[in-house]
Amino acid sequence: MDALDHFSIPVTGLHNGLHEFDFQVDTGFFQHFEGSPIQVGDANVHLLFDKRPDLYSMTFQITGTVEVACDRCLEIFALPIEDTQNLLVKFDETAWEEADVIYVTKGIQKLNVSKYIYEFINLAVPMVTTHDDAGERCNPEMLKFLTKEEDVAEAEEPLNPFKDALRDLNFEN
Ligand SMILES: [Zn+2]
């Protein structure tokens with residue numbers, strides 16, 4: 001995680017109150033996370049860090065783009081992402097985490113937020129993404145090809161009386 005050291009917040013050095021940080025995420029960032037579904041991306045992360053005596057409150061504002069495959073035409077495109085996520089930091093004897101709260105030992109010098117930024121960027125990507133999300137149009141060549149493939153698959157399907165019945169009832173097409 002040394003390569004991501006610049007994502008560390010020097011928490012002990014901060015006075016109580018609100019602080020702001022900016023982090024730049026690029027394609028190299030994602031390579032530090034094994035099996036990352038995102039391989040290419042750029043994002044700016046603005047962090048509002050509120051240091052209070054008993055807890056830290058963090059708000060991550062993420063804007064950027066990540067490359068994903070379109071679920072309709074399968075072509076890779078740059079998906080704009082924009083998201084705001086909150087995370088509380090509390091103190092405990094040992095470090096552990098639960099949803100929206102991380103526990104750290106009192107007296108930690110630095111808090112590395114790269115892992116949380118990574119998770120939040122992934123959360124900002126919807127389950128289904130199409131060119132529509134980027135205000136773009138699908139690749140017509142790919143669509144033509146995919147439609148053809150579907151036609152072939154349908155023609156090769158064995159006769160299905162249930163499906164035929166549905167077709168007769170106009171539930172299909
Ligand atoms: Zn598409």
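As a reminder, the structure under discussion sits directly above these lines.
Now for a quick tour of the structure. From a predicted model like this one, the values you see are computed outputs, not experimental measurements.

Cut-off values and rules
Here, residues in each chain are numbered from 1, in the same order as that chain's written sequence. Local features in this predicted model are restricted to residues whose pLDDT is 70 or higher, and side-chain atom pairs enter the listing and the counts only when it is 80 or higher, whereas totals over whole chains, interfaces and linings include all residues. Excluding hydrogens and water, the side-chain figures rest on all heavy atoms present in the structure. Labels follow the DSSP assignment, with helices taken as runs of H or I lasting at least four residues and strands as runs of E lasting at least two, numbered in each case from the N terminus. Think of it in three bands: with a 1.4 Å probe and only protein chains considered, a residue is buried below 20% of the maximum accessible area for its type, exposed above 50%, and partly exposed in between. The Shrake-Rupley method, run with a 1.4 Å probe, gives the accessible areas here. Residue values count only the displayed protein chains as cover. Residues belong to a common nonpolar core when they are buried Ala, Val, Leu, Ile, Met, Phe, Trp, Tyr or Cys residues joined through side-chain atoms within 4.5 Å. We call two residues in contact when some of their heavy atoms are within 4.5 Å. Here a donor is any nitrogen, oxygen or sulfur atom (N, O, S) within 2.8 Å of the metal, with 3.2 Å used for Na, K and Ca; water is not among the atoms considered, so some sites may look incomplete. Each label reflects the angles at the metal, where four donors whose angles all fall between 85 and 135 degrees are tetrahedral, four or six donors whose opposite pairs open beyond 155 degrees and whose other angles stay between 65 and 115 are square planar or octahedral respectively, and the rest are irregular.

## As for the overall build of the protein
- Assigned secondary structure in the protein consists of four helices and eight strands.
- Tracing the protein from N to C terminus, the helices and strands come up as β-β-α-β-β-β-β-β-β-α-α-α.
- The proportion of buried residues among the 173 residues of the protein is 36%.
- In the structure as shown, the protein presents an accessible area of about 10900 Å², 52% of it carried by carbon and sulfur atoms.

## A closer look at the nonpolar core
- Judged by nonpolar contacts, the single largest core of 42 residues is most densely connected at I9, F49, M58, F60, L111, I117 and I121.
- Broken down by secondary-structure element, the contributors of at least two residues to this core are β2 (17–25), α1 (27–30), β3 (41–51), β4 (56–69), β5 (76–92), β7 (101–105) and α2 (114–123).
- Every residue in contact with F49, bar those within four places of it in the chain, is listed here: I9, V11, L14, G17, L18, H19, F21, Y56, S57, M58 and L111.

## Considering the coordination of the zinc ion
- Protein coordination of the zinc ion is provided by C70 (SG), C73 (SG), H131 (ND1) and C138 (SG), with donor distances spanning 2.0 to 2.4 Å.
- One can describe the donor arrangement at the zinc ion as tetrahedral, given that its four donor atoms subtend angles of 105 to 116 degrees at the metal.
- Read N to C, the donor residues that coordinate the zinc ion are spaced as C-x2-C-x57-H-x6-C. Across the pair, C73 and C70 agree in class, each one buried.

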